[in-house]
Amino acid sequence: YSLRDLSKQDLNFLQKTIRPMEERSALIWNLPIHLKSHNVMDKFWFYDIKHCFKLYWDVDTGKTLHYVAFNDPNDCLKLKRNFHGIHFDDNPQNKLLVETLR
C-alpha cells in the first residue's frame, strides 16, 4: 500500500517503532576506502558497535559512506562527539563527517 493510505496513527506507530534503531545508528563519511567492516569495528573497539557496512564508495575520489549500528545509543552520540571533523589517522583526505540518525 502507499504512504497516502497510512493514517496519522499508523505513521505515529511506525515512528515509535523505528526510533530505537535511529538512536543507535550513525553515518560516517570519508573513512578510508580500503577499510572492511571488521577493520572499522576494530578501529573503534571502545564503542559497542553491533555492525557496520559501506553504503557508498567511489574509487576515483576515495569517498565512502558507512552505516554503523550500535548496541548502546550513548556510544552512538559519543562517536559523533569524538570523531566528527577529525582527520582519520591524520590523513587530510579523510576528514570524517559523522551524523547520527536521530
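Reading guide: rules and limits
Residues numbered from 1 in each chain as written. Predicted model: local features only at pLDDT ≥ 70, side-chain atom pairs only at ≥ 80, totals over all residues. Heavy atoms only, no water. Helix = DSSP H or I, 4+ residues; strand = E, 2+ residues; numbered from the N terminus. Contact = heavy atoms within 4.5 Å. Core = buried A, V, L, I, M, F, W, Y, C linked by side-chain atoms within 4.5 Å. Buried < 20%, exposed > 50% of the residue type's maximum accessible area, 1.4 Å probe, protein only. Phe/Tyr/Trp six-rings, centres within 6.5 Å; stacked < 30°, edge-to-face > 60°. Expected span 1.5 Å × (residues − 1). Bend = angle between axes of the 7 residues up to and from the residue. Pairing = 2+ DSSP bridges. Axes fitted to C-alpha atoms, helices over the stretch in contact; angles between N-to-C directions. Arc of directions from axis to C-beta. Polar contact = N/O pair within 3.5 Å; in protein donor to acceptor, adjacent residues only side chain to side chain.

(A) Quick peek at the side chain of His-66. Structurally, His-66 is set in strand 3 (residues 64–70). Discounting residues that sit within four places of it in the chain, His-66 has contacts with Ala-26, Leu-27, Ile-28, Leu-31, Leu-35, Val-40, Phe-53, Lys-54 and Leu-55.

(B) Just the nonpolar core, in detail. Grouped together as the largest cluster of nonpolar side chains are 17 residues, with contacts concentrated most on Leu-31, Phe-44, Phe-70 and Leu-79. If you list the elements that add at least two residues to this core, you get strand 1 (25–29), strand 2 (49–57), strand 3 and helix 3 (73–83). When residues in this core are grouped by element, the largest group, 3 residues, is from helix 3.

(C) Highlighting the packing of aromatic side chains. A full pass over the atoms with the stated rule returns 8 aromatic pairs. Look at Phe-46 and Phe-83: their rings are 6.4 Å apart centre to centre, the planes differ by 25 degrees, and that puts the pair in the stacked class. Linking Phe-46 in the loop between helix 2 (37–43) and strand 2 with Phe-83 in helix 3, this pair joins segments that are 37 residues apart in sequence. With centroids separated by 5.2 Å and ring planes inclined at 40 degrees, the aromatic side chains of Phe-53 and Tyr-67 adopt a geometry described as tilted.

(D) Main features of helix 1 (residues 8–23). An ideal rise of 1.5 Å per residue puts 22 Å on 16 residues; helix 1 measures up with 22 Å between its terminal C-alpha atoms. A bend of about 30 degrees at Thr-17 is the largest found in helix 1, and the proline Pro-20 appears one to four places after it.

(E) Just the sheet that holds strand 1, in detail. Here we have 4 strands laid out as an open sheet, ordered 2-3-1-4, and antiparallel in their pairing. Of all the strands in the sheet, the pair left with one neighbour each is strand 2 and strand 4 (97–100). On average, adjacent strands in this sheet sit at an angle of 20 degrees to one another, irrespective of strand direction. Relative to strand 3, strand 2 runs antiparallel, the two being bridged by 7 bridges.

(F) Seen up close, helix 3. Those residues of helix 3 that fall on the buried side of the exposure criterion are Asp-75, Cys-76, Leu-79 and Phe-83. For helix 3, the buried positions fall inside an angular range of 105 degrees around the axis, keeping them on one side. By the N-cap criterion, in which a side-chain oxygen at the helix start approaches the backbone nitrogen of a residue two or three places on, helix 3 is capped by Asp-72, the distance to Asn-74 being 2.9 Å. After helix 3 finishes, the residue Gly-85 shows a positive phi value of roughly 90 degrees.

(G) Focus on the environment of Leu-11. Looking at the secondary structure, you find Leu-11 in helix 1. Sequence spacing of Leu-11 and Gln-93 is 82 residues, and the spatial spacing of their C-alpha atoms is 41 Å.

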